[in-house]
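What follows is each chain in one-letter form.
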Amino acid sequence: RRARWEPGEGHPDPPAPMPSRGAGGSQAAPTRRGCGTQPSHRVWLNLDPCGLACAAMTWAIVIYANWAVTLFVVPPWLGDSSVATYVLLGVFRLISFLGLFSHLRAVISNPGAVPPGARPTDPELGERQCRRCQAFKPERAHHCSICQRCIIKMDHHCPWVNNCVGLSNHKFFLLFLLYVCTLCAFAVVLVAGRVLACATAPKQASGTVDPGKGIPSTSSSRPAVCHVDAGSAIAVVMLVTLAFLFGIFTLCMMCDQYPALQDGMTMIDRYQARDRAGADSASIRRQRRSPGAALAEVFGGRASDGFQLHWLLPTAVRYPDPEAIAGYSMRTRGRRLAPKGAPVGGRLGAGPAGIDSDGEAEAMEDDAAGTDTDSDMFHNRRRF
């Protein structure tokens, strides 16, 4: 089964070009192993202990919220088998799934690392070298000291996703913030609904007989929706506290990301523009985008396409012109690596090396074009 090229997922770097095939056979591509952020690693995953702990904490909080809502909020309020209970819990778990899946995609997706051997799309502009990588650094790339790579359109390194937020996983990061913020607000609304139901529920009257006088008397008791033991009360208080803290945090992060969706400039670009005070105004102007183009860089497609439903789903991002977005050339003289049957251009751009079910790269000669497609950000992997 042939893999398809999707931006923002899979291998950190494309397979290195192989020597020409001789008459005696072909040479296998270098084997990728393990997790990490270097070209030799098979799966992109930052092994920073702090980042791994923050990512695990995020999952633990969402799982705890589902546990608390399922046991102590909705069923005691609406009943164990009512239709409303199934609907509310189903919506809550759907939002949780979308949030966790978006988080997972943001964690294990290549954020847009510049591949070794990359060159500018326009040689006349010259090659800007990274002092740490000692390699070509595109205009919109910044070096991350934690990932140890230059990242295209790097906004910041987020410990909560244990990864850089760059061109290829910016969409997943924003969806993670959106769904977690929505989940926190939904949890608070559910708890408030149960409290309101307890406050407005009529008290239940029970008849008793006074043993001394033998006169019937009446007393009132709390309705069943108000019955809360100490353990469930602590669980609900913790749920509300976490929902307020992380809801406000994710809301602030979304507000902080709003300017990047307006003109396409990342947080680092804004800080540099403010510090330079116009020293490199031409470069800054080139990085600014219209609102439509800025949204297309995050969610994929063309600026004229407008809103599409897949923007709300953690699906792969596709660009009509990957080289123009990335800022480096994906073609080198000599050979071209492309999957058999994969489209060239269009949504996938010029396709790099294909990987079959055995993980073996297959090179194909292209003497007519004399080109070689090489991409890191638009790497090859089976669908997630």
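Only a predicted model underlies this, so the values are computations on that prediction, with no experimental measurement involved. (Residues numbered from 1 in each chain as written. Predicted model: local features only at pLDDT ≥ 70, side-chain atom pairs only at ≥ 80, totals over all residues. Heavy atoms only, no water.)

### Focus: the pairing of strand E6 (residues 149-152)
Alright, step 1. Going residue by residue along E6, you find Arg149 and Ile151 tucked away on one face and Cys150 and Ile152 tucked away on the opposite face as well.
Alright, step 2. Bridge analysis of strand E5 (residues 141-144) against E6 gives 4 bridges, and the strand direction is antiparallel. Counterpart to His143 in the pairing with E6 is Cys150.
Alright, step 3. Hairpin connection of E5 to E6: 4 residues between the antiparallel strands, including Gln148 at a positive phi of 60°. (Buried < 20%, exposed > 50% of the residue type's maximum accessible area, 1.4 Å probe, protein only. Helix = DSSP H or I, 4+ residues; strand = E, 2+ residues; numbered from the N terminus. Pairing = 2+ DSSP bridges.)

### Description of helix H7 (residues 291-299)
Alright, step 1. Here H7 has its buried residues at Ala294, Ala296, Glu297, Val298 and Phe299.
Alright, step 2. In the stretch just after H7, Gly300 is the one whose phi turns positive, near 90°.

### What to know about the packing of aromatic side chains
Alright, step 1. Within the structure shown, the criterion is met by 8 aromatic pairs.
Alright, step 2. Ring geometry for Phe299 versus Trp311: centroids 4.8 Å apart, planes at 15°, classification stacked. A residue pair is termed long-range when its members are at least 10 positions apart, and Phe299 in helix H7 and Trp311 in the loop between H7 and helix H8 (322-326) qualify at 12 residues. (Phe/Tyr/Trp six-rings, centres within 6.5 Å; stacked < 30°, edge-to-face > 60°.)

### Focus on the state of the cysteines
Alright, step 1. Going through the model one piece at a time under the given rule, you end up with 1 disulfide.
Alright, step 2. Put simply, Cys198 and Cys226 are joined by a disulfide, and their sulfur atoms are 1.9 Å apart. Between Cys198 and Cys226, the S-S dihedral sits near 125°, and the bridge is therefore right-handed. On the criterion of sequence distance, the pair formed by Cys198 in helix H3 (residues 170-200) and Cys226 in the loop between strand E10 (216-221) and helix H4 (230-263) is long-range, its members being 28 residues apart.
Alright, step 3. For Cys226, a relative accessible area of 8% corresponds to the buried category.
Alright, step 4. No disulfide involves Cys184; its sulfur sits 6.7 Å from that of Cys181, the nearest cysteine.
Alright, step 5. For Cys184, a relative accessible area of 11% translates into the label buried. (Disulfide = S-S within 2.5 Å.)

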